[in-house]
Amino acid sequence: MREAPAGISQRGELAVLALCILLSLILIVLPGDSRILVADRVGGVLTAPYWSARNFFDDMVSLREQNNGLRRELFSLELETAAARLRRHDEQRGAGCALEQGAHGLLAPCRVTTRLRGRFATMIKITSPHPLPWRSWQPVVNRQGMIGRIRTVVGPTEAWVELMTAPDFALGVEFERTGLLGVLQPRGDRFEIGMVGRDEDVRRGDLVVTSGITELRDDPAGEQAGLDAPRGIPVGRVRSVHVPNDEVFKEISLEPAAVCDRNETVFVILSAPDEGATAARRP
Amino acid sequence: MRDFLRINVFWFLIAFVGGVLAAPLLEIHGVAPDFPVISLVVLALAAGSYPATIGGFLLGLVMDLSIPTLLGVQALIDSCLGYGLGRLRTRLAYGMPLVEATVVIMAVLAHDLVFLLVRNATGGEPFLWLFLTHSVPTALYSGLVAVPVLRLAVWLGLLYRED
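So, here is what we can say about the structure in this document. (Residues numbered from 1 in each chain as written. Chains lettered and ligands numbered in written order. Predicted model: local features only at pLDDT ≥ 70, side-chain atom pairs only at ≥ 80, totals over all residues. Heavy atoms only, no water.)

1. Points about the layout of surface pockets
Then, number 1: Roughly 1400 Å³ of internal volume is contained in the largest pocket.
Then, number 2: Listing elements by their share of the lining of the largest pocket, those giving two or more residues are α3 (48-93) of chain A together with α1 (2-26), α2 (35-47), α3 (49-64), α5 (97-123) and α6 (127-155) of chain B.
Then, number 3: For the lining of the largest pocket, the element with the highest residue contribution is α1(B), accounting for 11 residues.
Then, number 4: Residues of the lining of the largest pocket, tallied by class, amount to 27 nonpolar, 9 polar and 5 charged. (1 Å grid on protein atoms, 1.4 Å probe; cavity = no way out; pocket = protein on both sides within 12 Å on 5 of 7 lines; lining within 4 Å. Points joined across faces, edges and corners; volume = space filled by probe spheres on them. Helix = DSSP H or I, 4+ residues; strand = E, 2+ residues; numbered from the N terminus. Nonpolar A, V, L, I, M, F, W, Y, C, P; charged D, E, K, R; others polar.)

Listed below in structure tokens is the structure:
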């Protein structure tokens with residue numbers, strides 16, 4: 001067995017013990033307030049760095065949570081404002097587009113954890129802090145506007161999102177100023193809005209929002225599904241309008257409203273007030 | 001010198017990283033292993049009375065900082081505990097997990113016994129109830145967790161064996 005380190009006799013060990021006991025007793029017999037003050041000073045040396053670091057990281061985590069909540073509230077208000085503006089426009093025009101005011105659903109904040117930078121990257125991975133009852137086709141938005149839709153659910157807290165730049169993406173849109181309807185589709189590196197008649201009133205800079213019309217497609221399970229985006233979410237602004245002589249529809253190019261980057265907060269719009277309500281609203 | 005550093009880094013990691021990160025993860029119904037005491041046992045068995053006395057004092061002092069009204073109590077307890085464990089080191093049957101676990105269990109119980117008695121004397125808290133419902137499960141859990149920790153220390157060559 002290894003004995004005491006060289007140079008430390010049993011008497012030396014006892015002396016160290018006596019010193020420690022003495023120091024402890026001095027601390028114990030200090031008056032109440034002095035004891036707390038001494039603890040505070042000693043803590044400032046021994047444990048303050050640790051607590052500073054820990055509080056910093058705790059703050060980071062809680063700030064992200066609070067930020068998500070605030071962004072969600074803000075975006076909800078913006079959506080309500082947009083919906084109210086649409087209704088007012090409908091009333092001013094004297095005729096709406098005969099669509100239901102889509103329910104905004106529940107906004108579940110998520111973080112973009114993977115965003116490939118490749119030219120052909122059309123997907124991002126998002127992570128939710130809480131398990132969500134998400135499914136394919138649910139719309140994904142950020143504060144600027146529409147981003148894409150849930151493509152593949154990896155797990156209760158992770159999913160891959162197909163961006164609007166994906167080749168087979170299609171979205172029913174509406175010109176906010178006039179109430180005209182159209183279909184947005186990507187064309188290479190730009191977006192085009194089709195199905196708008198050549199005589200319709202479309203101007204450069206017009207705001208384009210989602211129309212709430214769902215394009216149904218056959219999914220691999222053999223069922224029909226589509227992007228269930230509520231009406232009124234900003235999609236972009238008209239960049240250019242052309243009217244070819246031999247076409248019945250306008251050629252409308254769109255500047256998308258939303259871009260997303262890594263570590264950004266995005267929102268999945270959960271469709272119904274089901275179990276997702278609790279999860280989405282949980283702080 | 002190298003052994004001195006390794007031992008100190010190891011017990012420091014067990015005490016603080018274990019206490020801060022591992023203990024909350026291992027907590028069962030409010031009972032978590034007492035990593036500071038486990039680390040003190042490791043230090044005492046690895047380095048002897050002299051370092052364990054000082055280590056125990058510092059460890060107890062840091063723990064006291066969270067209860068300033070009892071400043072010095074755990075420093076006193078852990079100093080004595082470190083000294084006693086260091087002295088015990090030469091009398092233990094090494095390499096037997098049951099023995100090492102028993103040492104940890106006894107150390108946790110001794111620490112809590114004195115601490116709760118002092119706290120009972122100053123604050124009038126129910127000593128026996130706390131000791132039975134908190135200290136005993138903590139001691140058993142700590143003994144269980146200490147076995148792999150001490151095996152790791154042996155594997156790292158921190159606990160010296162000559163037989």
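2. A look at the interface of chain B and chain A
Then, number 1: Each partner contributes to the interface: chain B provides 29 residues, whereas chain A provides 27 residues.
Then, number 2: Taken together, both faces of the contact between chain B and chain A bury some 2600 Å²; the carbon and sulfur share is 74%.
Then, number 3: Taking the shortest distance from any N to any O, the salt bridge between A:Glu13 and B:Arg87 comes out at 3.3 Å.
Then, number 4: Joining chain B to chain A, the criterion identifies 2 residue pairs in polar contact (both at pLDDT 80 or more).
Then, number 5: Looking at the side of chain B that touches chain A, the elements with two or more residues in it are α2, α3 and α4 (73-88) of chain B.
Then, number 6: Residue composition of the side of chain B that touches chain A, grouped by class: 19 nonpolar, 6 polar and 4 charged. (Contact = heavy atoms within 4.5 Å. Buried area = accessible area lost by both parts, 1.4 Å probe. Salt bridge = Lys/Arg side-chain N within 4 Å of Asp/Glu carboxyl O. Polar contact = N/O pair within 3.5 Å; in protein donor to acceptor, adjacent residues only side chain to side chain.)

3. Description of the sheet that holds strand β7 (residues 181-187) of chain A
Residue and element names in this part refer to chain A.
Then, number 1: Taken in spatial order, the 6 strands close into a barrel running β6-β7-β8-β13-β12-β9, and their pairing is antiparallel. On average, adjacent strands in this sheet sit at an angle of 45° to one another, irrespective of strand direction.
Then, number 2: Relative to strand β13 (residues 251-256), strand β8 (residues 190-194) runs antiparallel, the two being bridged by 3 bridges. Counted as the bridge partner of Phe191 is Leu254 from β13. (Pairing = 2+ DSSP bridges. Axes fitted to C-alpha atoms, helices over the stretch in contact; angles between N-to-C directions.)

4. So, α2(B)
Residue and element names in this part refer to chain B.
Then, number 1: An ideal rise of 1.5 Å per residue puts 18 Å on 13 residues; α2 measures up with 18 Å between its terminal C-alpha atoms.
Then, number 2: Burial of α2 is extensive: 13 of the 13 residues sit out of reach of the surface.
Then, number 3: Positive backbone phi, approximately 100°, marks Gly48, located one or two places after α2. (Expected span 1.5 Å × (residues − 1). Buried < 20%, exposed > 50% of the residue type's maximum accessible area, 1.4 Å probe, protein only.)

5. As for the pairing of strand β5 (residues 158-163) of chain A
Then, number 1: Note that strand β2 (residues 123-127) of chain A and β5(A) share 5 bridges and pair antiparallel. Bridge pairing in β5(A) links A:Thr127 to A:Glu158.

6. A closer look at the nonpolar core
Then, number 1: Membership of the largest hydrophobic core comes to 39 residues, with the highest contact counts inside it found for B:Phe10, B:Ile38, B:Val41, B:Leu85, B:Val104, B:Val149 and B:Leu150.
Then, number 2: At the level of secondary structure, the elements contributing two or more residues to this core comprise α1, α2, α3, α4, α5 and α6 of chain B.
Then, number 3: When residues of this core are assigned to their parent elements, the largest contribution, 11 residues, is made by α2(B).
Then, number 4: Beyond its immediate stretch of four places on either side in the chain, B:Val104 contacts B:Ile38, B:Val41, B:Ser142, B:Gly143, B:Ala146 and B:Leu150.
Then, number 5: Core analysis: the next-biggest nonpolar cluster, separate from the first, contains 28 residues, A:Val173, A:Leu254, A:Phe267 and A:Ile269 among them. (Core = buried A, V, L, I, M, F, W, Y, C linked by side-chain atoms within 4.5 Å.)

7. Section: the pattern of salt bridges
Residues and elements named next belong to chain A.
Then, number 1: All chains considered together, the criterion is met by 11 salt bridges over all chains.
Then, number 2: In this structure, Arg177 and Asp206 form a salt bridge, with 2.9 Å as the shortest nitrogen-oxygen distance. Of this pair, Arg177 sits in the loop between β6 (171-175) and β7 while Asp206 sits in the loop between β8 and β9 (207-210); the two residues are 29 residues apart in sequence, bridging distant segments of the chain.
Then, number 3: With a relative accessible area of 28%, Arg177 lands in the partly exposed category.
Then, number 4: For Arg203, the salt bridge goes to Asp201, with nearest N and O atoms at 3.6 Å.
Then, number 5: Accessibility expressed as a relative area gives 48% for Arg203, which makes it partly exposed.
Then, number 6: Asp201 gets classed as partly exposed once you look at its relative accessible area, which sits at 35%.

8. Quick look at unusual backbone geometry
All names here are of chain A.
Then, number 1: A positive phi angle is found at Trp137, which is not glycine, with a value near 80°.
Then, number 2: Within the element layout of this structure, Trp137 appears in the loop between β2 and β3 (139-142).
Then, number 3: Taking relative accessible area as the criterion, Trp137 reaches 12% and is therefore assigned buried.
Then, number 4: One non-glycine residue with positive phi stands out, namely Met195, at about 65°.
Then, number 5: Within the secondary structure, Met195 sits in the loop between β8 and β9.
Then, number 6: For Met195, a relative accessible area of 55% translates into the label exposed.

9. Observations concerning the packing of aromatic side chains
Then, number 1: Per the stated rule, a full pass over the model turns up 2 aromatic pairs over all chains.
Then, number 2: Ring geometry for A:Phe75 against A:Phe267: centres 5.4 Å apart, planes inclined by 10°, an arrangement best described as stacked. Here A:Phe267 lies in strand β14 (residues 265-270) and A:Phe75 lies in helix α3, a separation of 192 residues in the sequence.
Then, number 3: Taking relative accessible area as the criterion, A:Phe75 reaches 1% and is therefore assigned buried.
Then, number 4: By relative accessible area, which is 1% here, A:Phe267 ends up buried.
Then, number 5: Between B:Phe12 and B:Phe16, the ring centres sit 4.6 Å apart and the planes meet at 45°, which makes this aromatic pair tilted. Of this pair, B:Phe12 and B:Phe16 both sit in helix α1, 4 residues apart, which is roughly one turn of that helix.
Then, number 6: The side chain of A:Arg149 reaches across the aromatic face of A:Trp137, ending 3.9 Å from its centre. (Phe/Tyr/Trp six-rings, centres within 6.5 Å; stacked < 30°, edge-to-face > 60°. Lys NZ or Arg CZ within 6 Å of the ring centre and 35° of its normal.)

10. Regarding the packing of α1(B) against α3(B)
Residues and elements named next belong to chain B.
Then, number 1: Close contact between α1 and α3 brings their axes to 12 Å; oriented N to C, the two are set at 20°. Relative to α3, the element α1 lies roughly parallel. Seen from above, α1 lies across α3 with right-handed handedness. Note on element contacts: α3 touches α1 through Gly55, Leu59 and Val62, opposite Trp11, Ala15 and Phe16.
Then, number 2: Of the residues that constitute the contact of α1 with α3, the class distribution is 5 nonpolar, 1 polar and no charged. (Parallel < 35°, antiparallel > 145°, perpendicular 65-115°, else oblique. Left-handed = near helix turned anticlockwise from the far one by under 90°.)

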